[in-house]
Amino acid sequence: MAAARRHKRVAASQPGFLPLKSDLDGNSSDIKRRKRVNKNKKKNWNKYSDIQDVEEFLEDVRLQEKAVGGLIAEKPDDSLFFVDTGEKDKDTQPQTTVKKGKRSKPLRIDLILRPDSLIPAPKNVLAFQQPNAKKQRRMAEKAAKLAAMGVVPRREKLLQLRRAAAASGLSVKEKPVANNNPERAFYDLWSAGAPETADPYFLEQTKKKLVKRPDRLNEKPSVLPAIEVVAPGASYNPDFFSHQDLLREAHEVEVKKLKAEERLKRQLAVNEDIATKESNFKEQVEGLIEEGDSEPEEPEGDAEDTVTGPTATQEKKTERERKKEKAQRIKELQTKAERQKVDKQQQLFQLRSIRSDLKKQEQRTKMRQAQRKAKQEAQKSTPRRLGRLKFQAPDLDIQLSDELAGSLRSLKPEGSILKDRFKSLQKRNLIEPRERAKFKRKYKLKYTEKRAFREIQ
């Protein structure tokens with residue numbers, strides 16, 4: 001209670017505060033006997049604290065702000081009072097003034113919609129917020145600081161150089177003069193300040209350039225079109241021959257699949273009638289060995305231990321034998337050199353045959369290059385191996401002769417547009433061939449019977 005009275009005294013002592021409500025019955029609560037409680041505990045703060053006088057003071061302040069737009073004590077006398085001089089004589093006023101006053105009087109609907117409170121609306125903070133305002137302010141401060149020091153930004157410097165080049169009639173994109181040209185003007189790299197004339201080479205070297213895009217990124221991974229036109233036989237009312245061609249193509253695809261399955265079955269099949277090494281050996285020795293005979297036992301010990309004999313000893317060559325071998329080697333080298341010389345002389349008479357061999361070799365080389373190029377061109381229209389799976393062509397959407405519809409109304413949809421687009425992306429090497437992820441249940445299903453179900457049984 002003491003705290004409430006203290007707040008009230010502080011509020012009343014503020015300059016310019018005039019209460020609108022009477023405070024005669026404000027001390028009636030002080031006459032009553034107050035209950036003594038312990039204010040040291042937090043649970044008793046709001047329970048036994050009288051803040052009615054503080055709320056009345058705040059409500060009075062809000063009422064004054066709503067009525068006159070602020071505290072009454074702070075308002076000037078002209079805004080609160082006016083001098084009543086009586087009614088003005090209507091006859092003395094000109095007729096135009098009366099009409100003008102009637103026109104300037106606001107409508108009643110505008111007066112109803114006008115807010116009663118004179119307190120201005122709160123300021124919308126979000127309307128004044130700007131993205132990266134703090135960063136932009138720091139950049140502006142840094143630019144102003146550098147401008148005060150005399151430092152020109154790079155972008156501004158390039159703009160000045162471009163303007164100087166445009167004023168002098170030179171083009172920035174003009175091809176620079178070669179460095180090895182003796183007539184080229186001398187340029188001092190370490191000179192202070194910008195050059196007097198805007199050199200195109202200088203502008204090209206100093207301006208900011210983008211990274212050059214590699215040419216391989218401009219090449220398409222496949223020459224196939226994004227949307228392939230189906231065969232004429234796939235129409236809802238196709239020609240007889242075109243429909244038969246499409247059926248033949250589908251038949252060949254199915255035959256290839258059946259052959260592949262049969263080949264796989266033959267490879268995985270186990271034939272017990274096939275002869276093995278063991279069966280062949282039994283057939284060969286049948287009748288040669290009787291049942292009572294025993295196989296001869298092999299002698300113990302290694303065979304190398306039983307082999308004995310004199311070891312060959314290398315005799316030392318005499319000087320005469322060494323000279324004879326040396327002369328023989330020299331003679332062989334001379335003979336080989338003479339033979340090579342004779343072969344080179346003989347090649348002069350083989351120029352025609354050598355020329356024909358070279359032509360044949362060049363023709364084979366050109367033919368291989370053409371085949372390699374044709375193979376590369378063919379590979380551009382075929383899907384490459386991008387992952388662990390191979391591309392599998394989708395099944396042909398065909399209808400048999402008895403399933404053909406004579407009109408669009410009786411036509412039944414075939415295939416799926418989503419699957420066609422997905423297969424087209426794989427065929428054009430934009431994505432790798434994929435397969436549907438297998439669902440693996442983490443926990444086993446648990447079946448329980450509800451009580452209502454058991455009651456029915």
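The model shown is predicted, which means the values in this text are computed figures rather than measured ones. (Residues numbered from 1 in each chain as written. Predicted model: local features only at pLDDT ≥ 70, side-chain atom pairs only at ≥ 80, totals over all residues. Heavy atoms only, no water.)

Trainee: Would you mind going over the overall build of the protein chain with me for this structure?
Mentor: Tallying secondary structure elements over the protein chain gives 16 helices and zero strands in all. Within the protein chain, the fraction of its 457 residues that count as buried is 8%. Of all intrachain contacts in the protein chain linking residues separated by at least 6 positions in sequence, the fraction that spans at least 24 positions is 70%. For the protein chain, the exposed surface amounts to about 44800 Å²; the carbon and sulfur share of it is 53%. (Helix = DSSP H or I, 4+ residues; strand = E, 2+ residues; numbered from the N terminus. Buried < 20%, exposed > 50% of the residue type's maximum accessible area, 1.4 Å probe, protein only. Contact = heavy atoms within 4.5 Å. Areas by Shrake-Rupley, 256 points an atom, 1.4 Å probe, with all protein chains shown as cover.)

Trainee: Any chance you could explain the pattern of salt bridges here in plain terms?
Mentor: It is possible for side chains of opposite charge to pair when their charged atoms get near one another. Enumeration over the complete set of coordinates arrives at 10 salt bridges. A salt bridge links glutamate 319 to lysine 323, with the nearest nitrogen and oxygen atoms 3.7 Å apart. Of the two residues, glutamate 319 and lysine 323 both sit in helix 13 (residues 319-347), four residues apart, roughly one turn of that helix. Salt-bridge contacts for glutamate 432 lead to arginine 434; the nearest nitrogen and oxygen are separated by 3.1 Å. Here glutamate 432 falls in the partly exposed class, since its relative accessible area comes to 33%. (Salt bridge = Lys/Arg side-chain N within 4 Å of Asp/Glu carboxyl O.)

Trainee: Whenever I open this one, the side chain of arginine 428 confuses me. Can you help?
Mentor: Within the secondary structure layout, arginine 428 lies in the loop between helix 15 (417-427) and helix 16 (451-456). Despite its burial, arginine 428 pairs with no opposite charge; the closest candidate is glutamate 228, at 7.0 Å N-O. Arginine 428 has contacts with Pro221, Ser222, Leu224, Pro225 and Ala226, leaving out every residue within four places of it along the chain. (Lys, Arg positive; Asp, Glu negative; His and termini not counted.)

Trainee: What's the story with the packing of aromatic side chains in this structure? I'm lost.
Mentor: For any two aromatic rings, the description comes down to two numbers: the centre-to-centre distance and the angle of the planes. Scanning all chains against the criterion turns up one aromatic pair. Consider the rings of phenylalanine 240 and phenylalanine 241, whose centres lie 5.5 Å apart with planes at 75°: the pair is edge-to-face. Judged on exposure class, the residue phenylalanine 240 and its partner phenylalanine 241 are both exposed. (Phe/Tyr/Trp six-rings, centres within 6.5 Å; stacked < 30°, edge-to-face > 60°.)

Trainee: I tried to follow the environment of isoleucine 431 on my own but got confused; where do I start?
Mentor: As for its position among the elements, isoleucine 431 is in the loop between helix 15 and helix 16. Residues isoleucine 431 and glycine 387 lie 44 residues apart in sequence; the distance between their C-alpha atoms is 9.3 Å. Apart from residues no more than four positions distant in its own chain, isoleucine 431 is found in contact with Leu386, Phe422, Leu425 and Gln426.

Trainee: So what exactly am I meant to see when it comes to the confidence of the model for the protein chain here?
Mentor: Any segment with low pLDDT has predicted coordinates that should not be analysed in fine detail. Per-residue confidence for the protein chain averages 79 on the pLDDT scale, and 74% of its residues sit at or above 70. This model gives residues 92-101 a pLDDT under 50, and the stretch forms two contacts once residues within four places in sequence are excluded. Within the model, the stretch residues 301-310 combines pLDDT values under 50 with zero contacts to residues more than four positions away or in other chains. (pLDDT = per-residue confidence, 0-100.)

Trainee: Honestly, a positive patch on the surface in this entry has me stumped. Any pointers?
Mentor: A cluster of basic residues, Lys35, Lys41, Lys43 and Lys47, forms a positive patch at the surface. In this fold, lysine 41 is placed in the loop between helix 2 (28-31) and helix 3 (52-68). Among the residues examined, lysine 41 registers a relative accessible area of 45% and is labelled partly exposed. (Patch = residues over 30% accessible without salt bridge, like charges linked within 9 Å, V, L, I, M, F, W, Y side chains within 5 Å. Charge placed at Lys NZ, Arg CZ, Asp CG, Glu CD.)

Trainee: Is there a simple way to explain helix 3 in this structure?
Mentor: Side chains that are three or four residues apart share a direction in an α-helix, a result of its 3.6 residues per turn. The end-to-end C-alpha distance of helix 3, which contains 17 residues, comes to 24 Å, matching closely the 24 Å that a straight helix rising 1.5 Å per residue would cover. Every buried residue of helix 3 is accounted for by Asp53, Phe57, Asp60, Val61 and Gln64. Buried residues of helix 3 fall within an arc of 95° about the axis and therefore sit on the same side. (Expected span 1.5 Å × (residues − 1). Arc of directions from axis to C-beta.)

Trainee: When you look at a nonpolar patch on the surface in this model, what are you seeing that I'm missing?
Mentor: A cluster of nonpolar residues, Leu107, Ile109, Ile112 and Leu113, forms a patch on the protein surface that exposes about 440 Å² of accessible area. Here leucine 113 lies in helix 6 (residues 108-113).

Trainee: Help me out: how do you make sense of the side chain of glutamine 64 in this one?
Mentor: The residue glutamine 64 is located in helix 3 in this model. Overall, the relative accessible area of 1% leaves glutamine 64 in the buried class. At a separation of 3.1 Å, a polar atom in the side chain of glutamine 64 contacts the main-chain amide nitrogen of isoleucine 72. (Polar contact = N/O pair within 3.5 Å; in protein donor to acceptor, adjacent residues only side chain to side chain.)

Trainee: Explain a negative patch on the surface to me, please; I cannot follow it from the model alone.
Mentor: On the surface, Asp397, Asp402, Glu403, Glu414 and Asp420 cluster together into a patch of negative charge. Position of glutamate 403 relative to the elements: it lies in the loop between helix 14 (351-380) and helix 15.

Trainee: In this structure, what is going on with unusual backbone geometry? I would like to understand it.
Mentor: Negative phi is the rule for most residues except glycine; trans is the rule for most peptide bonds. With a phi close to 55°, asparagine 132 is a non-glycine residue in the positive phi region. With respect to the helices and strands, asparagine 132 occurs in the loop between helix 6 and helix 7 (133-149). Located in the positive-phi region is asparagine 429, a residue other than glycine, with phi close to 60°. Tracing the chain through its elements places asparagine 429 in the loop between helix 15 and helix 16. Relative accessible area serves as the criterion here: at 7%, asparagine 429 is assigned to the buried category.

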